[in-house]
Structures are given as C-alpha cells and as structure tokens.
Amino acid sequence: MGEGDIIEVQDLEHTFNGFVAVRGISFSVRRGEIFSFLGPNGAGKSTTINILTTLLPLQAGTVRVAGHDVAREPGRVREAIGIVFQDDVLDRDLTVWETMEFHGRLYSIPRDERKKRIDEMLRVVELDAKRNERTKNLSGGMKRRLQIARGLLTRPEVLFLDEPTQGLDPQTRMRMWDYIREVNAAGTTVFMTTHYMEEADMLSDRISIIDHGRIIVSGTPEELKNTLGEDVVYLETGDDAKARETLRGVGEIRSVTESPRGLSITISADGSHCLPRIVERVRGAGIDISSVNLKKPTMDDVFVYYTGRELRDEGA
Amino acid sequence: MSSSTTPAGNCATREREQKVAWEFLTVYWREMIRFVRFRTQLLSSLLQPALWMAFFGVAMSSNFNRFTSAIPVPAGVIPVDYLTFMAAGVIAMTTLFTSLFGGISLLFDKNWGLMREMLASPMPRTHIMLGVSLSGMTKSFIQVAIIMVFGLILGVRFFPGFSPARIAVSILGIFAFVGVFSLGFLLFSSTISMRLESPEGLQGIITLLTLPLFFVSNALYPIQAFPPLLQALSIYNPLTHLVSGVRYFALGSEFFAVGASYSFTPADVLLSFGYLVVFATVMYLLARRTFQKAVVT
C-alpha cells in the first residue's frame, strides 16, 4: 500500500448466516481519485461499502479509511467520511434546510460555520431556492443532489456514493456526473459503486470489477479495455470476398468475417494503429473502400469478457 | 464519552467528546419537528386523553358515584368523586400508551434507511435513544397538561384546598413521576423497535402489554378488592406506582374514593418513585445494549 492511499483494504471477508458475500478482497484507493466498484447486484458492492463506512462490523481482514482502522477507531473514520446512500434516504417531512441542519448538528459543526456551509452547499447543488421545501416534494434529481450536499457538508476526505444515479433519467444522470466530477476536482476522494458500465467508464480514474464477492480485475478504464485487445474494424468494400483474401495472414488480424455491416475484422492489438495498414493493403489490391468503422471495446465487452456473462441492468 | 481512558495530553480527543455530548438534542429537535408536523398524529394524541375523560370518565363517574354513595365516609377523610379519582388514572394511561408507542419512530427510521445517517455519524449511538425518549417524555408532559386543564373544565377537583405553593410543588411532583415512568417505557419501546422488523409486530406486542398493565393496576379502581394474585401482581406494575404518585400529589395523603380509604406516607411515595427510577434504569441499560450492538444497513 502506498503513501497516497486513503482507503486500504486487505483480505476483506464477510459472511451473512453462512452466505459468503465478500470473499477475501484487497484493494486500495488513492487520495484524490474517483474509484469505482463495478458489478452486478449481489456481487458484494454494498457489503463492502457498508463495512468501509462502519455500518457493518468488520469480520475478517483489515480496512483503513483516511488513516484509521474501521474496527479500532470507527469514530475517527465516521468523522472523515461522507455518504450518499443508494436509495433516497431523506426524511420526507423535513425541509431541505432542516435536512442539512440535522446533519450538521449530528457532526457537531459549530452554529456559524454550519450556517455558512449549508448556504454554500445548497448553492453548489442549486437547491437554495428550495430550502423551505419538504424533501417529499423534490424531484428525483433534486433529492440526489440534496444527498450529495449533505454528504459534503462535513467536508469529508472521502465521499462514498452507493449507486449514485440509479433510477435517474439520462439527463439528470449526466448532471449528476458533472457534480461528482466537480466534487472530485475540489479535492474530495470519491469511492462509488455502480452497476452502470458507462458510468464507471465515464467517471472513474480506476475501476475494480467485482463479482461473486471477488475482485476480478482492476485498472483504469483504458487499461481494462485495452487488455481485451479486441478492437473490431468494419470495412465496406467493392468486393468483400476479395478483400477478405487480401487480408489473410496479416499479423495482428485474428479473424475476418463477412457481416451485414461489411467485413468485420477482429484485431488483437490497438486497432487505431492497424487501421491505416489494413486500408492500404485493401486499396493496394485495387479494391474500393466505401466506409471504415473502428469499434473499441466498451465496458460491457470488458465485463462480459471477465465475468463470462452480461451485466443485467436491473434495479437494486 | 468514556473519558477515563483519554490520555491527559490529548486535548483534541477530549474536546471532541465534549462537543458530541449534547448531540441527543439534535435527535430531540427532529422528533419534535415531526410531532408538530404530522397534524393527525398531533391532534389525535391531544384529543385521545380528552375523549377518555369526556366519555368514559363522565359515564363511569355517574355509575360509580351511585354505587358508592351508600358507603359511609370515615370521619376526617376527604371524599373524592370518581371523575377526580380516575383523572389520575387517565394521566397514567395516556402516558403509558404514548410511551409504549414512542419508539415506533425508530422502527420507521430503521425501515426507511434514515437510521443509517445517524449510525454512520460520530454521534454516540445512545444519543439516538436518548433524543427519541426525551421527545416522547415531552409529548407526555404536553398531554398531561392538557388532561389537567380539560379535567378542570369537566369538574375534576385536583389539589383540594392546596395553597398555591403546594399546587406548584404538586405539579412538579406529578411531572417528575410522569417523566421517569415515560422514560422507562420509551426506552423499552425503543429496544423492541430496534429488535423488530415490522410496525405490525410492535403493535402486537404493545396491545398484548397494555391490557394487563392497564387493568392490573389502580388506574380505574382500587386494588384493595382484587383477588390476592392480582393484588400481588399490581404491586409490581409500574403503572400502579405512577398512579399512586399522581394521586398523592393531586389529592393529598389521605382521601376516600370508590369505597376505599387511601393513605400515603411520604415514604410510600418515595418508594414508588424509587421503583420507577429502578425500572427506567433497567430499561436504559437494556436499550443501551441493544443500540451498541445494533447493525442497520
């Protein structure tokens, strides 16, 4: 574990009544990054986040958050973190301001400082016009923003986001991503769980794919996608059969198949570097090319590759 | 809050512990907002005791007064009419019901996920139950005040011939009894709420408990005429001690009601109060244990 790690997890295991939810995972999160746990429901994401936030007791392994051991100094860990829960965990009958005030008082933020920070946070998430509105009257996106504002009120070193955009419409989700990026740019480390591929891909500095209680692979989104090395080039040519013959035996080409979209060429290396040579070769054989298309692997492809199945996009 | 283990030089830790020590007021504040905001809950909790007095009290008192008017009142003892006698019982009953249900907000907090916010905060966990219990106690105080004022209108004669100073002391005494009693049952209710999954379960347990607690007590009638077993049981019933305390402060140490003579010595009253304090302490320890072990995700 390095100097700059704000979360250090070693051999974490957790069992519920004989069901092993987390099977010995180790990972670390660097100060200042956005780190994602990507995996399907029941993979162990929530269990892990609950242990990291001291809501579940540590059974086996060691977990340090913001320099404190969750088992020995849960109080210190609690002071250093902020949490945005998965569902809208808001008291329906409190107003926006009361929700923030309650939270600030729970963390003993002195009155003047509390007032200042609440005003500031409500401005950041654009809810200051709604401060006297009861939370039950807020839209889904506003509720989530209020939760983020609440989670940040205590100026945490790490913000935990459990499925931050679940149940939000695409537009609100993009706004949410912007907020998360802003929060991170302001210096807060973000640990989030998600089962949305593109969310992990768009936001994270690093991702761990988790399934059946194990971390299957970790890396930056680029690394994960590049290790697949399965870029696909689609070529539409004047003579597909002849072009196929021409391409046979080129080093990086794994397979060439004819498909409705033209020739589908699977490449075992970085496709953007191979593409010019493929085009040259086909042109060189006197075949016209009417369109070229390069498809990079998506997080979906990565997930399918490592887990052997599709990530079902279902509710929590 | 376990400050004894804090090293003398570690000011930061100590400072933090001191700051956190009043956080239960935050929970109290939120509970009171909810109380005022849930109009139906507020209204019903204020109306219910008044309705008991207005219907049960008035109806029963005309009957009881007819039955017992034939019994001669011993010389030198103040006779107390039934409505006045049972007003103390209604105070006790209302406190019992309100307190037994008081923990239900914890159950909702737990089921709606709101408790995670508190459990993941640096606030000591015992403060959750302290805040909820103190707000429950406040609600009981408000109800008791309403019963006393409404009773006055209906013809309840509390504090017969008392001086203003004695009335003030008596009101304080009544509130002290109500306070300790309600804390005990609120902590009990909090404990069950933390251990249960559903509001229906809590409802069931409360219903099961209220009937024996209410009827095996001196709230509505004297226990002097109970069969020996019930009489013995009623002595251990906290409600009996609350009613005794309220009657002592509201009616004086010697009075005659529903065909029975009542006489309390200050020692009796202290003993009753002590019993309630012990009850509340045991409930506190039970609740603390439950909260410290509670895992809510």
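See the structure above.
Residues numbered from 1 in each chain as written. Chains lettered and ligands numbered in written order. Predicted model: local features only at pLDDT ≥ 70, side-chain atom pairs only at ≥ 80, totals over all residues. Heavy atoms only, no water.

Points about the overall build of chain B
Just so we agree on the cut-off: Secondary structure elements follow DSSP: runs of H or I no shorter than four residues count as helices, runs of E no shorter than two count as strands, and numbering proceeds from the N terminus. We compute the radius of gyration over the C-alpha atoms and compare it with the globule rule, which gives 2.2 Å times the number of residues raised to the power 0.38. Here's how the labels work: a residue is buried when its accessible area is under 20% of the maximum for its type, exposed when over 50%, partly exposed in between, all with a 1.4 Å probe on protein chains only. Note on areas: Shrake-Rupley with a 1.4 Å probe; residue coverage comes only from the protein chains shown. Counted charges follow a simple rule, with Lys and Arg positive, Asp and Glu negative, and His plus the chain ends left uncounted. Each charge is placed at NZ for Lys, CZ for Arg, CG for Asp and CD for Glu.
Secondary structure summary: chain B contains twelve helices and three strands in total. For 297 residues, the compact-globule formula gives about 19 Å, and the C-alpha radius of gyration of chain B, at 21 Å, lands near that figure. Each of the three principal axes of chain B carries a C-alpha extent, and together these read 70 × 40 × 40 Å. Looking at the 297 residues of chain B, the share that counts as buried comes to 53%. Approximately 13400 Å² of chain B is accessible, and the part contributed by carbon and sulfur atoms is 71%. On chain B, the mean spot of the 19 positive side-chain charges and the mean spot of the 11 negative ones are 2 Å from each other.

Topic: the interface of chain A and chain B
Test applied: By definition, residues are in contact when any of their heavy atoms lie within 4.5 Å. Buried area: the sum, over both parts, of the accessible surface (1.4 Å probe) that disappears when the two are put together. Salt-bridge detection follows one rule: a side-chain nitrogen of Lys or Arg within 4 Å of a carboxyl oxygen of Asp or Glu. The definition of a polar contact used here is a pair of N or O atoms within 3.5 Å, where within protein one atom must be able to donate a hydrogen and the other to accept one, and adjacent residues in sequence count solely through side-chain atom pairs.
On the chain B side, the residues contacting the 30 residues of chain A number 29 residues. Between chain A and chain B the total buried area reaches about 2800 Å² when both faces are included, carbon and sulfur atoms providing 59% of it. Where chain A touches chain B, the interface holds five salt bridges. Linking D87(A) and R116(B) is a salt bridge whose minimum nitrogen-to-oxygen distance equals 3.0 Å. Linking chain A with chain B are nine residue pairs in polar contact (both at pLDDT 80 or more), by the criterion used here. For the side of chain A that touches chain B, the elements supplying multiple residues, two or more each, are α2 (74-80) and α3 (96-106) of chain A.

A look at the sheet that holds strand β12 (residues 253-259) of chain A
Residues and elements named next belong to chain A. We count it as follows: We treat two strands as partners when DSSP finds at least two bridges between them. Axes, fitted as lines to C-alpha atoms, cover a helix only where it is in contact. Angles between the N-to-C directions of the axes lie from 0 to 180 degrees.
Spatially, β12-β13-β11-β14 is the arrangement adopted by the four strands of the open sheet, whose pairing is antiparallel. In this open sheet, the two edge strands, each paired with only one partner strand, are β12 and β14 (289-295). Within the sheet, the average angular offset between the axes of one strand and its neighbour, ignoring direction, is 20°. Here helix α10 (residues 271-284) sits on the sheet and contacts β11 (231-237), β12, β13 (262-267) and β14; the angle it forms with β14, its principal contact strand, is near 160°.

Re the pairing of strand β2 (residues 254-257) of chain B
Here is the key point about a regular strand: its side chains alternate between the two faces of the sheet. All names here are of chain B. Alignment of strand β1 (residues 78-79) against β2, held across two bridges, turns out to be parallel. Looking at the pairing, P79 lines up with F256 of β2. Across four bridges, the pairing between β2 and strand β3 (residues 260-263) is antiparallel. Within β3, the residue paired with E254 across the bridge is S263. From the end of β2 to the start of β3, which pair antiparallel, there are two residues, and V258 there has a positive phi angle of about 45°.

Topic: α10(A)
Because an α-helix packs 3.6 residues into every turn, residues spaced three or four apart end up facing the same way. All names here are of chain A. Using the following cut-off: For a helix, the expected span equals 1.5 Å multiplied by the residue count minus one. In this context, the arc is that of the directions from the helix axis out to the C-beta atoms.
Given a rise of 1.5 Å per residue, 14 residues ought to cover 20 Å, and the 19 Å separating the end C-alpha atoms of α10 matches this to within 8%. Taken as a whole, α10 has its buried residues at G271, C274, L275, I278, V279 and V282. With its buried residues spanning 140° around the axis, α10 presents them on a single face. Residues H273, E280, R283 and G284 are exposed on α10 and point more than 90 degrees away from its buried face. On its buried side, α10 packs onto β11, α9 (240-247), β12, β13 and β14. Backbone geometry just after α10 places G286 at a positive phi near 80°.

Re the environment of V180(B)
Residues and elements named next belong to chain B. Note on placement: V180 falls in helix α8 (residues 164-195). Since its relative accessible area comes to 16%, V180 is described here as buried. With 62 residues separating them in the primary sequence, V180 and L242 have C-alpha atoms 9.1 Å apart. The contact partners of V180, leaving out residues within four places of it in the chain, are F273, L276, V277 and A280.

Here we look at the sheet that holds β2(B)
What the three strands build is an open sheet, ordered β1-β2-β3 (chain B); its pairing is mixed. Of all strands in the sheet, those bounded by a partner on one side alone are β1 and β3 of chain B.

Quick notes on the packing of aromatic side chains
For clarity, the threshold we go by: Only centres within 6.5 Å qualify two rings of Phe, Tyr or Trp (six-membered ring in Trp) as a pair; their planes then separate them into stacked at under 30 degrees, edge-to-face at over 60, and tilted for everything else. Two conditions define a charge located above a ring, namely a distance within 6 Å from the ring centre to NZ of Lys or CZ of Arg, and an angle within 35 degrees of the ring normal.
Summed over the entire model, instances satisfying the criterion amount to 30 aromatic pairs over all chains. Seen from their ring centres, W22(B) and F24(B) are 5.9 Å apart, and the 35° between their planes marks the pair as tilted. Residue classification places W22(B) among the exposed residues on the basis of a relative accessible area of 57%. Their ring planes at 65° and their centres at 5.8 Å tell us that Y221(B) and F226(B) sit as a pair that is edge-to-face. Residue classification places F226(B) among the buried residues on the basis of a relative accessible area of 13%. Here a set of aromatic residues connected by ring pairs shows up, and it is made of Y82(B), F85(B), F177(B), Y248(B), F249(B), F255(B), Y262(B), F264(B) and F273(B). Above the face of the W29(B) ring, R105(A) is positioned so that its terminal group lies 4.6 Å from the ring centre.

Considerations on the environment of V233(A)
One can find V233(A) in strand β11. Contacts of V233(A), omitting those with residues within four sequence positions, involve L263(A), S264(A), I265(A), I267(A), L275(A), V292(A), N293(A) and L294(A).

Re the nonpolar core
Filter applied, for reference: The criterion is simple. A nonpolar core is a set of buried Ala, Val, Leu, Ile, Met, Phe, Trp, Tyr and Cys residues joined through side-chain atoms within 4.5 Å.
Core analysis: the biggest nonpolar cluster contains 140 residues, and I7(A), F27(A), V65(A), F160(A) and F191(A) have the highest contact counts within it. Considering each element in turn, this core owes the most residues, 13 residues, to helix α4 (residues 82-102) of chain B. The residues touching V65(A), leaving out its near neighbours within four places in the chain, are I6(A), I7(A), L52(A), V70(A), V77(A), I81(A), V158(A) and F160(A).

Concerning the pattern of salt bridges
Going through the model one piece at a time under the given rule, you end up with 29 salt bridges over all chains. The partner of D93(A) in a salt bridge is K136(A), and the shortest N-O contact between them spans 3.2 Å. Taken together, the positions of D93(A) in the loop between β6 (81-84) and α3 and K136(A) in the loop between α4 (111-124) and α5 (140-152) put the pair 43 residues apart, joining distant regions of the chain. Across the pair R157(B) and D81(B) runs a salt bridge whose closest N-O atoms are separated by 3.4 Å. You can see R157(B) sitting in the loop between α7 (126-154) and α8 and its partner D81(B) sitting in the loop between β1 and α4, a full 76 residues away along the chain. Three or more residues are tied together by salt bridges with common partners; here these are D91(A), R30(B), E31(B), R34(B) and D109(B).

Looking at a nonpolar patch on the surface
Rules: Only residues whose relative accessible area exceeds 30% and that form no salt bridge are eligible for patches; like-charged ones are grouped when within 9 Å, while nonpolar side chains (Val, Leu, Ile, Met, Phe, Trp, Tyr) are grouped when within 5 Å.
Taken together, the side chains of L43(B), L47(B), L51(B) and F55(B) define a hydrophobic patch exposed on the protein surface, amounting to about 420 Å² of accessible area. By the secondary structure assignment, L51(B) is in helix α3 (residues 39-68).

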